[in-house]
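The lines below spell out each chain.
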Amino acid sequence: MVDCGLPPERPVALTVAGSDPSGGAGLQADLKTFHQFGVYGMAVPAVLTSQNTLGVEAVLPLEPAFVRSQLDCIQRDIPPKAAKTGALGSAGIVREVASWARAADVPLVVDPVISSTSGQPLSSEDGLEALVRSLFPLSLMVTPNLHEAGMIAGMRVQSLVDMRRAAGRIADLGPQWVLVTGGHLKGDAVDVLWSDGQVRLFREARVAGPGHHGTGCAYSAAIAALIALGRTPPEAVCAAKRYVTEAIQRAPELGRGNHPVDHHAPAKWSGRLRSGGPNR
Ligand code: PXL
């Protein structure tokens, strides 16, 4: 048999997220990322959007019961090894996803998406409250960016010190691991991973240029894929950050707004965390 480098038993990951018809973010980006890591991807849309690289024009949350019906349907047939959530749209949808996740007992990566890259809300206000109350306690990892970390922790997050403090406060809300992503700070792109009061830093050189579309989606999807492949959370963050950095570096000049990242970037697992460097 030819060895194509794919795992012999195909791991399965699920995304429950918003649809971005332009393919740069949301569940379309998640599926491309799962595929790139050799993971079989499944996708449950929670909210539909009308958008392109210039911005979001309309948002349509689905009926919570219909989201639940999709989740139950796949759970009965192809239970995932790991799952991630993105934009969930409403508190009712969040509660259905939480109720499914509790029963499914699956490692869950929660990207607490509040708004799009261009600033339009992708969830109602009570959606974020419900996310924190019902989904955070069930999650393996939550992956807020600086803005989301600030909203959730109730503080301004503008420095590495703030990121550590916010991560600690968010960990008190129930997730086992908290990854605060610092891509929007000046200097190197440093992320803070917090668990049990212990902090690990992950650093990559900043990619110059304007913001890109879908960085957070590709990052959390890559983490979920690597968890499905059996990696530990710090290993998953390390390899996922490398993937996203390359995906930004290679972003194709598509669209007239924020260009999407390149989901075809190499998805590699090096087998060990870099030691002695900044990843401690
Ligand atoms: O990157 C956050 C995000 C998540 N989900 C959907 C999006 C976006 C950003 O635009 O459109 C559907």
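The residue count restarts for each chain, going from 1 along the sequence in the order it is written. Per-residue local features of the predicted model are confined to residues with pLDDT of at least 70, and side-chain atom pairs are confined, for both listing and counting, to 80 or more; whole-chain, interface and lining totals are unaffected and use all residues. Where side-chain values are given, they derive from all heavy atoms of the structure, hydrogens and water being excluded.

**Quick notes on the pattern of salt bridges**
Should a side-chain nitrogen of Lys or Arg be within 4 Å of a carboxyl oxygen of Asp or Glu, the pair is scored as a salt bridge. In the structure shown here, the tally under the stated rule is 9 salt bridges. A salt bridge links D188 to R203, with the nearest nitrogen and oxygen atoms 4.0 Å apart. Of the two residues, D188 is situated in the loop between β7 (177-181) and β8 (189-195) and R203 in strand β9 (residues 198-204); the sequence distance between them amounts to 15 residues. Here R242 and E246 are joined by a salt bridge, their closest N and O atoms 3.0 Å apart. Placement of the pair is R242 and E246 together in helix α8 (residues 233-249), with a separation of 4 residues, close to one helical turn. Salt bridges here are not isolated pairs; linked through shared partners, they connect R68, D72 and E96. Secondary structure elements are defined from DSSP: runs of H or I of at least 4 residues count as helices, runs of E of at least 2 residues count as strands, and each element is numbered from the N terminus.

**Examining the environment of P137**
Residue placement: P137 occurs in the loop between α4 (125-135) and β6 (141-142). Considering only alpha carbons, one finds P137 and A98, 39 residues apart in sequence, at a separation of 9.4 Å. Between two residues, a contact is recorded if the distance between any of their heavy atoms is within 4.5 Å. What P137 contacts, discounting residues up to four positions off in sequence, is V132, L173 and G174.

**A closer look at the site of the ligand**
Proximity criterion: a residue is near a molecule or strand once any of its heavy atoms comes within 4 Å of it. Near the ligand you find G18, A25, G26, Q51, A87, V113, S116, T117, L122, H213 and C217, and these make up its full shell. Within the side chain of Q51, a nitrogen or oxygen atom sits 2.5 Å from an oxygen atom of the ligand. The fraction of the free accessible surface of the ligand (310 Å²) that becomes covered by protein chains is 93%. We call two N or O atoms a polar contact when they sit within 3.5 Å, provided that within protein one can donate a hydrogen and the other can accept it, with sequence-adjacent residues counted only if both atoms are side-chain atoms. Per-residue and other accessible areas follow the Shrake-Rupley method at a 1.4 Å probe size, with only the shown protein chains counted as cover for residues.

**Describing unusual backbone geometry**
Excluding glycine, most residues fall at negative phi; most peptide bonds, likewise, are trans. Phi at D105 is positive, roughly 50 degrees, even though this residue is not glycine. Relative to the helices and strands, D105 resides in the loop between α3 (91-104) and β5 (108-110). Even without being glycine, D196 reaches a positive phi, approximately 50 degrees. Mapped onto the secondary structure, D196 falls in the loop between β8 and β9.

**Some remarks on the environment of R102**
As for its placement among the helices and strands, R102 is situated in helix α3. Note on exposure labels: buried denotes an accessible area under 20% of the residue type's maximum, exposed denotes more than 50%, and partly exposed covers the range between, all computed with a 1.4 Å probe on protein chains only. Since its relative accessible area comes to 53%, R102 is described here as exposed. Linking R102 and V192, residues 90 residues apart in sequence, is a C-alpha distance of 27 Å.

**A word on helix α7 (residues 215-228)**
Given the number of residues in a helix, its expected span is that number minus one, multiplied by 1.5 Å. Relative to the 20 Å expected for 14 residues at 1.5 Å per residue, α7 spans 20 Å between its end C-alpha atoms, a close match to the ideal helical length. In terms of burial, α7 is a largely internal element, 12 of the 14 residues being buried. Listing the buried residues of α7 in full gives C217, A218, Y219, S220, A221, A222, I223, A224, A225, L226, I227 and A228. Where α7 terminates, the next one or two residues include G230, which has phi positive at roughly 95 degrees.

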